[in-house]
Every structure is written in C-alpha cells, then in structure tokens.
Amino acid sequence: MNRRSAGVHVRVQGVVQGVGYRPWVWQLANCRGIRGSVWNDGRGVVIEAWGEEDVMADFLVALRHQAPPLAAVESVRIDSLSSDCQTPPVGFHILSSNEDEVHTGIAADAATCPACIAEIFDAENRRHRYPFTNCTHCGPRFSIVRAIPWDRGNTSMAGFSMCRRCAREYGDPADRRFHAQPNACPQCGPRVWLETGDEGSGLVAGIDAIKHAASLLEEGRIVAIKGIGGMHLACDAGNEGAVRRLRSRKLRHHKAFALMARDIAMVREHAGVEAIGEAALCSPVAPVVIFPARGRRLAESVAPGQDTLGFMLPYTPLHHLLMAEVNRPLIMTSGNRSDEPQCTENDEARKRLAGIADAFLLHDRDIVTRVDDSVQRVMAGRLRTLRRARGIAPSPLALPEGFRDVPRVLAMGGELKSSFCLLMDGKAVVSQHLGDLEDAASFAEYRRMLMHYIGLYDFVPEVIAVDAHPDYLSTKWGWRLAREKGIPCIEVQHHHAHATACLAETGKAVDSEPAIAVVLDGLGYGSDGMPWGGEFLLADYRESRRLARFHPVALPGGNRAAREPWRNALAHLHACPQWKYWRVRYGKLDLLAFLEQKPLAALERMLEKGINSPLASSAGRLFDAVAAALGIDREQVDFEGQAALRLETLAQRVTEPVSGYPVAREGRELMWPTMWQALLDDLERGTEVALMAARFHRGLAGAVSDLAADLCHENRVATVILSGGVFQNRLLLEMVDRQLGEKGLQVLIPEKLPANDGGISLGQAVTAALNNG
Ligand SMILES: [Zn+2]
Ligand SMILES: [Zn+2]
C-alpha cells in the first residue's frame with residue numbers, strides 16, 4: 001500500500017522565471033495526481049506539494065534533474081511541511097505572483113524552437129509563414145523588455161493585444177504558449193514589410209516582403225534586416241561583387257563577416273564542423289561559431305586573409321523563412337557603419353544605413369535593447385566565448401561559495417570591448433558586449449544600459465569597481481557614480497582582473513591558493529603606471545604580484561603604434577643591441593628598405609629620448625612587430641589584433657613540425673634579440689612567410705610555458721591561468737595549454753566570458769567584493 005506522504009516545500013533558484021518553469025511543474029504534478037501549488041517570488045519559484053510517497057519521490061527526482069529548455073536551475077531545496085500546518089488543496093494550481101517581490105532578472109533571447117519551426121512551415125497551421133511565431137521555450141526576451149516583472153505590458157509587445165485564440169493559449173497551463181509574453185499570430189501580432197525605395201512598388205507587405213527580399217539578395221543587392229537585437233546587413237555570400245560592395249559601403253575593409261546558413265548541412269559544405277561547435281550552433285543561444293573553412297568556397301572577401309568562417313543558423317522565424325527562400329549562405333553582419341553601434345530603430349536604420357542598404361526588411365516590434373550576435377569558437381577542446389551577447393546575456397553566472405555575503409558591487413569594465421557587471425546574492429550579471437567606449441555613441445549606449453540593468457535588477461550598489469587606468473571613460477564614470485552615491489570606489493589592476501575573472505568563472509573558492517596568471521594582451525594600466533601586456537602574476541582573488549614580464553619595448557608615437565605595426569617592428573629592432581650593425585648587415589632586406597623610407601633619424605631620437613614613446617611589456621605589440629617584419633599589414637591596421645590574426649592564420653597552414661625562434665630569458669624577463677636575429681636570417685634566406693610565422697608561435701609558446709612552469713615551481717603553485725586577448729589566438733593557446741599540461745600543471749582558461757577585455761568587469765567585481773574594508 002502506498003502511503004500519503006507529508007507535504008513538501010520546494011524552493012528552486014536560478015533562471016526559472018519567464019522560461020515556462022511553473023507550467024512545467026504544473027504538468028509534472030498533474031500527470032502524477034499530485035496536489036498543491038506553484039508560484040514565483042523574489043528569489044525564484046516555490047512549490048508546495050502533497051501526494052503518495054512513491055509518486056512524490058519521482059516528482060522530486062524530476063525537479064532535481066530536469067527543467068524546461070530555457071531554465072537554468074542553480075539549486076533545489078526541499079523541506080517537509082509540518083503535517084498540521086496546512087491541508088492539501090484540491091488539484092494543483094499556478095498562483096499568480098506578488099509582483100512587488102519579483103526581481104530575479106530576465107532570461108536571454110532564445111532561438112526559435114523546433115515546435116515553432118514546424119508550425120511556420122506547416123500549411124495547415126494558423127501560424128504558417130508567420131515571422132513572429134514564438135512560445136514559452138523560444139523567442140525574444142531580454143531584447144524586448146522595458147521593465148520588470150516579465151509581463152507583456154512591460155515589453156515592446158505591449159501595443160499588440162492578443163486575439164481570442166492567442167489569449168486562450170496564453171491562459172492554458174497545458175499549452176506550450178502558457179504565459180508566453182510575446183505570444184502572437186498573424187491576426188494580432190507584429191507585421192513585416194519591405195521598403196525598396198522604388199517608385200510605385202516601394203513597399204511590399206506581408207509574406208511577399210520576405211520573398212521579395214530573397215529575390216533582391218539573389219540579384220546581389222544588400223538588404224538591411226531587422227532581427228532580435230538589432231539590424232543586420234545581408235547579401236549573397238557567394239557573390240564577390242556584392243560582398244565587396246558591402247565592404248566599401250560599410251567602410252569595413254578587413255574584419256571577417258559573419259554568415260548565416262539555412263541549416264547545418266549547408267554549414268558543412270563550407271566549413272569543418274565538429275561536434276561541440278555543432279551543438280553550439282543548434283543551441284537556443286544560436287551564436288556565430290568560428291570553424292575552419294573547408295570544401296566549397298564562398299566569395300574571397302567574406303574573410304580576407306583568413307582560413308576560418310563564422311557561421312550561425314537562423315534564430316528567428318523570419319530568418320528561417322528567408323533562408324528557405326534564398327537557400328544559400330548569406331552575409332549577416334551588424335547594421336552599422338564601421339565601429340558605431342548597430343541600428344535598432346526603423347527610422348534610425350533608414351537614415352544611417354541609407355547609403356549602404358538597397359532595401360529594408362523591417363517590422364513593427366520595437367527592439368528595446370541592442371544585443372549583438374554572440375561569437376564562440378572551440379579552442380583547447382572547449383567551446384570558448386569570444387563575444388558574449390545575444391542568447392547569453394544577461395543570464396547570471398553562479399559564483400563560488402563565499403560570494404553570497406559580500407557587498408553588492410557594480411564593476412565598470414574596461415574601455416575596449418566593454419561590459420559591466422552587477423554582483424549580488426552570490427551571482428554575477430555581466431552585461432552584453434557593449435563595444436569600444438572611445439566611440440561616443442557606444443559610450444552613450446553603455447550609460448543607458450547601465451541604467452537599464454540597475455532598473456531591471458532593482459540594484460543598489462554598495463561598492464563600485466573600476467580599472468586603474470585614469471583615462472578610461474568607464475573609470476571616470478565609475479568614480480563619478482561613487483561620488484554621487486557616497487560609496488567606495490575600488491581600483492582593480494587590469495591584468496589582475498583578467499586573472500580573477502577566470503578564477504570566478506571556473507568556480508575557484510574564495511580562499512583558494514594563488515595561481516600563476518599569464519595574461520597576454522594589448523595594453524593595460526600597470527600598478528607602476530606603465531602600460532603592461534605580457535605579464536606573469538602570482539594572483540588570488542584579493543591580490544596579485546608581478547613575478548615576470550615581457551621585456552618592455554617602446555611604443556613610438558604612443559597610440560599610433562597600435563594602428564601602425566611597422567612602428568613596433570622598428571622599436572623592437574632598435575631595442576636590440578645589434579641594431580646599428582643589423583641596419584647595415586640586412587640593409588638589402590625589404591623590411592629594412594621599408595623602414596629607411598620612414599623619418600628614421602627623428603624616430604630614433606624619439607626612441608632614445610623617450611619622447612612620446614612609453615615603454616610597454618605588450619604581447620599584442622610584439623605580434624604586430626613580427627607581422628610587420630614579415631610584411632603582413634605592415635603599414636596600417638583597421639582593428640587591434642588584425643595583424644596577429646593574419647600571422648596566426650599563416651602559422652596554422654604549416655603542418656610539419658618546426659623549430660621555434662629562440663627566446664632568451666634574463667632574470668624575470670623574456671628577451672627578444674635572439675628571436676630577431678633568427679628571424680632576420682630567415683628573411684635573408686627567403687624562408688616562406690608561413691614557416692616564419694609558425695616558428696615565431698612555437699618559440700613564444702615554448703618560452704611562455706617554460707617561464708610559467710618555473711614560476712609555479714618556485715612559488716609552489718600548481719595552477720596556471722591563461723587569459724588576455726592574445727590568448728584568443730588558437731594556435732598559441734593550444735600550444736601553451738598542452739605544454740603546461742605535460743608538465744603536470746592545472747590550466748584554467750576562460751570559457752563563459754571572453755579572454756579579452758570583455759571579461760574584466762567580472763574580475764573587477766569579485767576582487768572589489770573581497771577587498772572592500
Ligand atoms: Zn517555440
Ligand atoms: Zn493572435
């Protein structure tokens with residue numbers, strides 16, 4: 001005989017609101033004849049349930065181990081209810097929430113689910129070809145919400161009132177659209193149209209709009225397409241003329257364009273897809289995933305000078321319908337001019353993209369929050385996030401034990417690839433990628449987003465954390481907020497923040513032993529006020545100490561050195577004791593001839609006197625110097641890391657084993673003269689450029705791992721952190737990771753957050769939280 005068990009009280013925490021969690025519980029309970037209720041409160045979901053013992057046991061196992069697709073359960077706590085306190089109700093009920101208490105954040109946007117895709121391609125379904133189809137398990141979330149709680153009235157769906165049939169779905173706990181806030185259909189929801197600017201036929205509405213857009217794309221035209229988190233610019237990725245036209249109109253000459261394919265089979269025609277990358281492509285995040293280019297070639301200008309392609313799959317019904325029409329890969333790049341934030345509003349797009357797009361595929365559901373496409377890549381065996389945005393933000397990261405009782409911190413992030421971070425209740429909410437704050441529009445967007453998040457999370461910071469760089473706009477803004485609120489502002493050194501972000505996301509406990517952090521990036525403000533970027537730190541959450549570094553080399557012309565790689569080649573050669581001799585000895589080399597054309601006398605005077613030539617231990621600039629020496633992007637680059645990316649591409653083409661260039665070590669510094677000597681000899685011998693690129697990578701990886709391992713040994717440390725933007729170089733990362741692993745060391749590499757400056761806001765937050773008072 002089954003016995004009726006005492007009632008249980010269950011508390012579920014994590015991302016469990018606005019993701020269909022309550023109806024999922026309702027179904028679990030109903031099909032088992034369990035009585036009770038479920039509701040949302042300020043900390044998550046609460047369940048009270050009564051039933052027969054074995055059925056209850058089964059129910060609790062399901063709660064612990066299963067969840068609807070968009071939920072992310074962090075904890076399930078089960079307590080028994082004292083038997084006299086309550087009598088079980090009849091049936092199982094979803095209770096409405098007390099809205100004042102609900103502030104557990106908002107789920108990320110999710111790619112269209114298989115059930116909804118099936119509906120839009122089903123001629124019998126009332127949502128046949130409807131581009132805004134969604135349900136509780138898919139569709140826009142974060143990008144359409146204006147305020148909390150997650151209710152239709154607080155989203156850009158507020159203006160569309162549901163028809164009777166939609167309302168019935170919305171109100172039925174057994175329906176997969178129960179409480180789907182953006183629920184819509186052709187009768188009551190948003191509409192799509194195409195603007196071509198042609199006389200007479202300038203406006204095409206309804207499903208014909210998508211067909212018409214597809215035919216324009218087939219003709220090689222550029223179409224602006226309104227998506228979930230912003231506008232894309234699309235064109236046929238197989239049409240070289242169209243891709244070039246897009247490049248010149250958008251003023252984007254080198255950076256690779258993202259692609260969208262109809263399905264995974266189409267991605268496979270052009271790229272080498274492995275299992276982890278495929279799973280990412282098909283996940284509700286639906287990021288751009290970087291794969292090796294392989295098989296049938298697309299237009300040369302899609303990713304000039306690179307052997308990789310970034311693909312995503314359709315993630316809205318509109319994309320699915322469009323891709324079914326064109327049936328070929330499309331460029332899908334952000335709808336903006338060069339470095340500005342991408343457009344989100346129809347009027348803004350018509351104005352700003354007027355000279356770029358030939359037509360506009362628009363709709364009347366407003367984008368409240370701009371979220372770019374996320375970018376991921378498999379490196380060192382794991383999926384790594386290179387840009388964290390749509391589909392991921394603002395999902396919270398659970399922090400290790402010990403972060404539950406720390407003050408609430410607002411961390412302002414860096415300057416390039418910026419993000420900010422809200423630390424509260426043992427978790428960190430990191431904003432989506434917000435771009436480079438040097439751009440005025442991006443900085444305005446950053447400030448607007450800060451207010452938006454503070455509102456959504458009802459967040460009152462007790463501490464502000466900033467980078468130590470006095471000139472970062474995020475730093476200045478942080479100091480200003482701290483003054484206004486009368487709360488402390490804590491500076492966290494740039495490379496220390498890189499290290500602690502990695503500790504936090506890999507779940508290291510608050511008081512864990514220090515690690516050796518190898519942080520390689522462009523430039524960050526050092527604790528001695530100098531620009532750093534090739535650092536070996538002994539770091540835990542609270543403190544860091546610089547143990548070793550790349551030998552500092554001047555940046556002639558300061559910031560110009562980041563845009564003109566040849567300046568770094570000159571500075572590096574000039575810093576070698578043999579420079580005067582080399583100038584004569586290798587005078588016939590193309591490299592030396594190039595440098596001789598520059599105002600060398602004046603530059604040398606600058607370098608010798610240290611005029612506008614700060615000394616920097618930058619790994620990024622070392623890559624620029626070597627690239628320039630090999631004749632890659634020698635004169636100028638469009639974006640930081642461009643030359644390094646091409647250097648990596650060339651090196652990857654070398655499959656046979658090569659010997660690395662020798663890198664010497666003097667005391668606690670890696671020195672470059674022996675490397676330059678070998679490289680100049682190779683140039684003189686006319687060695688293949690790819691081979692030289694490979695020898696540089698190999699030599700650097702060996703020197704970095706040897707030094708890191710020696711530092712581990714000296715400091716009795718068993719863990720090495722690898723972070724900083726330079727470690728987005730797959731070849732370097734994998735070589736260093738392997739070599740350290742072979743020496744028996746544990747290697748920590750960022751995964752959930754980018755290794756570049758997009759991740760430092762998390763590091764600032766955790767370090768400041770522990771260093772306050
Ligand atoms: Zn769906
Ligand atoms: Zn409807």
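You'll find the structure just up there.
Here's a quick rundown of the structure. (Residues numbered from 1 in each chain as written. Chains lettered and ligands numbered in written order. Predicted model: local features only at pLDDT ≥ 70, side-chain atom pairs only at ≥ 80, totals over all residues. Heavy atoms only, no water.)

Description of the side chain of R370
Right, on to step 1. Position of R370 relative to the elements: it lies in the loop between strand 14 (359–363) and strand 15 (375–379).
Right, on to step 2. What makes R370 buried here is its relative accessible area of 11%.
Right, on to step 3. If we skip the residues at most four places from it in the chain, R370 touches G229, P341, Q342, C343, T344, E348, Q432 and E445. (Helix = DSSP H or I, 4+ residues; strand = E, 2+ residues; numbered from the N terminus. Buried < 20%, exposed > 50% of the residue type's maximum accessible area, 1.4 Å probe, protein only. Contact = heavy atoms within 4.5 Å.)

Notes on helix 22 (residues 689–715)
Working note: α-helix, 3.6 residues per turn, so residues spaced by three or four point in the same direction.
Right, on to step 1. With 27 residues, helix 22 extends 39 Å between its outermost C-alpha atoms, agreeing within 8% with the 39 Å of an ideal straight helix rising 1.5 Å per residue.
Right, on to step 2. The element helix 22 is largely enclosed, with a buried count of 19 among its 27 residues.
Right, on to step 3. Once helix 22 ends, the next one or two residues include R716, with phi positive near 50°. (Expected span 1.5 Å × (residues − 1).)

Side note on the pattern of salt bridges
Right, on to step 1. Scanning the entire structure with this criterion turns up 49 salt bridges.
Right, on to step 2. Residues D511 and R542 are paired through a salt bridge, measuring 3.1 Å at the closest nitrogen-oxygen approach. Note that D511 is positioned in the loop between helix 13 (494–505) and strand 23 (515–525) and R542 in the loop between strand 24 (531–539) and strand 25 (544–550), a separation of 31 residues in sequence.
Right, on to step 3. Looking at R542, the relative accessible area reads 32%, which means it is partly exposed.
Right, on to step 4. D633 is the partner of R646 in a salt bridge, and the nearest nitrogen-oxygen pair spans 3.1 Å. One end of the pair, R646, is in helix 20 (residues 642–652); the other, D633, is in the loop between helix 19 (619–629) and helix 20, with 13 residues separating them in the sequence.
Right, on to step 5. Judged by its relative accessible area of 12%, D633 is buried.
Right, on to step 6. Connected through salt bridges with shared partners, the residues E340, E348, R352, R370, E445 and R448 form a single ionic network. (Salt bridge = Lys/Arg side-chain N within 4 Å of Asp/Glu carboxyl O.)

Comments concerning the packing of aromatic side chains
Right, on to step 1. For the structure shown, the criterion picks out 12 aromatic pairs.
Right, on to step 2. Where Y21 meets W24, the ring centres are 5.3 Å apart and the plane angle is 45°; that geometry is what we call tilted. Of the two residues, Y21 and W24 are both situated in helix 1 (residues 21–30); the distance of 3 residues between them amounts to about one turn of the helix.
Right, on to step 3. Between F536 and F550, the aromatic rings sit 6.5 Å apart at their centres with planes inclined by 40°, giving tilted as the arrangement. Of the two residues, F536 is situated in strand 24 and F550 in strand 25; the sequence distance between them amounts to 14 residues. Here F536 matches F550 in class, with each residue buried.
Right, on to step 4. An aromatic cluster of at least three residues, connected via ring pairs, comprises F142, F420, F443, Y446, Y453, Y457 and W477.
Right, on to step 5. In this arrangement the basic side chain of R447 is found over the ring face of F443, its NZ or CZ atom lying 4.4 Å from the centre.
Right, on to step 6. For the cation-ring pair, K598 lies above W566, with the distance from its terminal atom to the ring centre recorded as 4.6 Å. (Phe/Tyr/Trp six-rings, centres within 6.5 Å; stacked < 30°, edge-to-face > 60°. Lys NZ or Arg CZ within 6 Å of the ring centre and 35° of its normal.)

Observations regarding the nonpolar core
Right, on to step 1. Core analysis: the largest hydrophobic core is formed by 151 residues, its most contacted members being V518, F536, F550, W676 and L722.
Right, on to step 2. Looking at this core element by element, the count peaks at 14 residues for helix 22.
Right, on to step 3. Here L722 is in contact with V518, F727, L733, V736, D737, L740, V747, L748, I749 and P750, once residues within four sequence places are set aside. (Core = buried A, V, L, I, M, F, W, Y, C linked by side-chain atoms within 4.5 Å.)

From the geometry alone we can't say anything about function, so treat these as descriptive.
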